[in-house]
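# Structure assessment
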Amino acid sequence: MLRPFLFIVAFALLVYSLMAVFKYWDFTEVPVDIAALMTKTVKQADLEAQIETSIQNDNPDDARMYLRLAQTFGYKLDAAPFMPRIEALETPWQVARRQAEQFANGFIDGSGETGAGVAGAVTADFTLIGDVRDLYEQYQNMQAGKEVNELITALAGVGVGLTAIAVLSSGTAAPVKTGSSTLKLATRANKLSPKMQAVLIKQATDLFDYKAFLWATRGEKNLDNLRQAALKAYNPKALDALSETANQVNTIRKSTSLVDTLDILRYAESTDDLRRLEKLSMKYGAETKGVLKFLGKSAIGTVRLLRHVTELMVAALASLVSLLASLISLSAWLRPKAA
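A short tour of the structure in this document, coming up. (Residues numbered from 1 in each chain as written. Predicted model: local features only at pLDDT ≥ 70, side-chain atom pairs only at ≥ 80, totals over all residues. Heavy atoms only, no water.)

## Quick word on the overall build of the chain
Broken down by element type, the chain carries 18 helices and 2 strands. A total of 339 residues make up the chain; the buried ones form 42% of that total. Put simply, 74% of the contacts in the chain that link residues at least 6 apart link residues at least 24 apart. Of the accessible surface of the chain, which amounts to about 18300 Å², a share of 60% is contributed by carbon and sulfur atoms. (Helix = DSSP H or I, 4+ residues; strand = E, 2+ residues; numbered from the N terminus. Buried < 20%, exposed > 50% of the residue type's maximum accessible area, 1.4 Å probe, protein only. Contact = heavy atoms within 4.5 Å. Areas by Shrake-Rupley, 256 points an atom, 1.4 Å probe, with all protein chains shown as cover.)

## A short note on helix H4 (residues 60-72)
Between its first and last C-alpha, H4 extends 18 Å over 13 residues, near the 18 Å set by a 1.5 Å rise per residue. Inspection of H4 places Pro60, Asp62, Ala63, Met65, Tyr66, Leu67, Leu69 and Ala70 among the buried residues, and these make up the whole buried set. Once H4 ends, the next one or two residues include Gly74, with phi positive near 80°. (Expected span 1.5 Å × (residues − 1).)

## Focus: the environment of Ala45
In this structure, Ala45 sits in helix H3 (residues 44-56). Its relative accessible area of 49% is what places Ala45 among the partly exposed residues. Between the alpha carbons of Ala45 and Leu77 there is a distance of 9.0 Å; along the sequence they are 32 residues apart.

## Notes on helix H14 (residues 239-255)
For H14, which comprises 17 residues, the first-to-last C-alpha distance of 24 Å matches the rise-based estimate of 24 Å (1.5 Å per residue) to within 8%. Within the span of H14, buried status applies to Leu242, Ser243, Thr245, Ala246, Gln248, Val249, Asn250, Thr251 and Ile252.

## Some details on the packing of H4 against helix H17 (residues 288-295)
For the pair H4 and H17, interaxial distance at closest approach is 9 Å and the crossing angle is 75°. Considered as vectors, H4 and H17 are oriented roughly perpendicular to each other. Contact residues: H4 offers Asp62, Met65, Tyr66 and Leu69, while H17 offers Lys289, Gly290, Val291, Lys293 and Phe294. Split into classes, the residues belonging to the contact of H4 with H17 amount to 5 nonpolar, 1 polar and 3 charged. (Axes fitted to C-alpha atoms, helices over the stretch in contact; angles between N-to-C directions. Parallel < 35°, antiparallel > 145°, perpendicular 65-115°, else oblique. Nonpolar A, V, L, I, M, F, W, Y, C, P; charged D, E, K, R; others polar.)

## Considerations on the pattern of salt bridges
Per the stated rule, a full pass over the model turns up 13 salt bridges. A salt bridge links Asp62 to Lys289; the nearest nitrogen and oxygen atoms lie 2.7 Å apart. Residue Asp62 is located in helix H4, and its partner Lys289 is located in helix H17; the two are separated by 227 residues in the primary sequence. Here the two residues Asp62 and Lys289 agree in accessibility, since each one is buried. Across the pair Lys184 and Asp134 runs a salt bridge, and its minimum N-O distance is 2.4 Å. One end of the pair, Lys184, is in helix H10 (residues 174-188); the other, Asp134, is in helix H8 (residues 129-143), with 50 residues separating them in the sequence. Taken together, the shared-partner salt bridges connect Asp62, Asp260 and Lys289 into one network. (Salt bridge = Lys/Arg side-chain N within 4 Å of Asp/Glu carboxyl O.)

## As for a nonpolar patch on the surface
Nonpolar side chains collect at one region of the surface, where Leu317, Leu320, Val321, Leu324 and Ile328 lie side by side and expose about 500 Å² of accessible area between them. Here Leu324 lies in helix H18 (residues 309-334). (Patch = residues over 30% accessible without salt bridge, like charges linked within 9 Å, V, L, I, M, F, W, Y side chains within 5 Å.)

## A short note on unusual backbone geometry
Positive phi, normally seen in glycine, also occurs at Asp58, with a value near 60°. Structurally, Asp58 is set in the loop between H3 and H4.

## Describing the packing of aromatic side chains
Counted according to the given criterion, the structure contains 2 aromatic pairs. Summarising the aromatic geometry, the rings of Tyr66 and Phe294 are spaced 6.0 Å apart at their centres and angled 75° between planes, so their arrangement reads as edge-to-face. Taken as a pair, Tyr66 in helix H4 and Phe294 in helix H17 lie far apart in primary sequence, 228 residues in all. Plain terms: the ring middles of Phe73 and Tyr284 are 5.8 Å apart, the flat faces sit at 35° to each other, and that makes the pair tilted. Here Phe73 is found in the loop between H4 and helix H5 (83-88), whereas its partner Tyr284 is found in helix H16 (residues 271-284), with 211 residues between them in sequence. Residue Phe73 is classed as buried on the basis of its relative accessible area, which comes to 11%. (Phe/Tyr/Trp six-rings, centres within 6.5 Å; stacked < 30°, edge-to-face > 60°.)

## Quick word on the packing of H10 against H14
Taken N-terminus to C-terminus, the directions of H10 and H14 make an angle of 85°; their axes are 7 Å apart at the nearest point. By the angle between their axes, H10 is roughly perpendicular relative to H14. The segment H10 lies against H14, with Pro175, Val176, Thr178, Gly179, Ser180, Thr182 and Leu183 engaging Ser243, Thr245, Ala246, Asn247, Val249, Asn250 and Arg253. Among the residues forming the contact of H10 with H14, the class breakdown is 5 nonpolar, 8 polar and 1 charged.

Quick look at the structure:
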């Protein structure tokens, strides 16, 4: 009678300890050490080269960003040789000329590689002009039998709908609208990876039936009618997914800048990547673009660490001991008794 009892006790302990192993087999994702990666892989000469390139490209903002990056990570970079040339690009006349030209170009054609150009494109979207322009452009492509950019069309349609909602909601939809417009700009600039585009197409087309909208508004010029048609093409139940994505993009924009966000978004291949980019931008702000420039996607990598190392080791040891005890007691139970 004692042998079966010992086996039952040992087996019960084995089951309990195995359950503990599965309980403590739990990992957490820890961001990589950006400072260690920077100092290990990026040389001071690399930073100096980027500053020089930014100055030659008439981009004092980027030049200053790389100078700040050097200071943040402890590089002994002498800014003195660069400052006179940077400041020469920041005179009132130079700034006014550059921003006026870039803003106008962005407002008209919906694209931009500079802060002022991107601001112009987003401003056009908020006045409905930019989204209607993009819808009309894609509609013309459809009529001519040319390829229609599904994502630009869907995001432009979403933009019209969000503008209407922003008016009705006294601007509470503005952050989503800004994020959506930024995604459309990134699409036009070919800054989004194919995988991220596929995610956005699903989110945008679930939210907005752009084909129905195009056919319903062909030739329409009345803005109120456009808003009404956009609202009819909306599926409010599908707003959450794109809203979350657009809000994350808007957070990146607020932490960095509009133009930097376009460059940052090219590192996202999934919603998880976008979430990590959002966290990175909240930590490094205006220097995020520079961090990604040097480290690439490794900057949003993570290290998997066990949450409960000690508990897992104890549970594993208990499992091993109880397994041995179970085998021994079972062997003793099944062994024939001596006559």
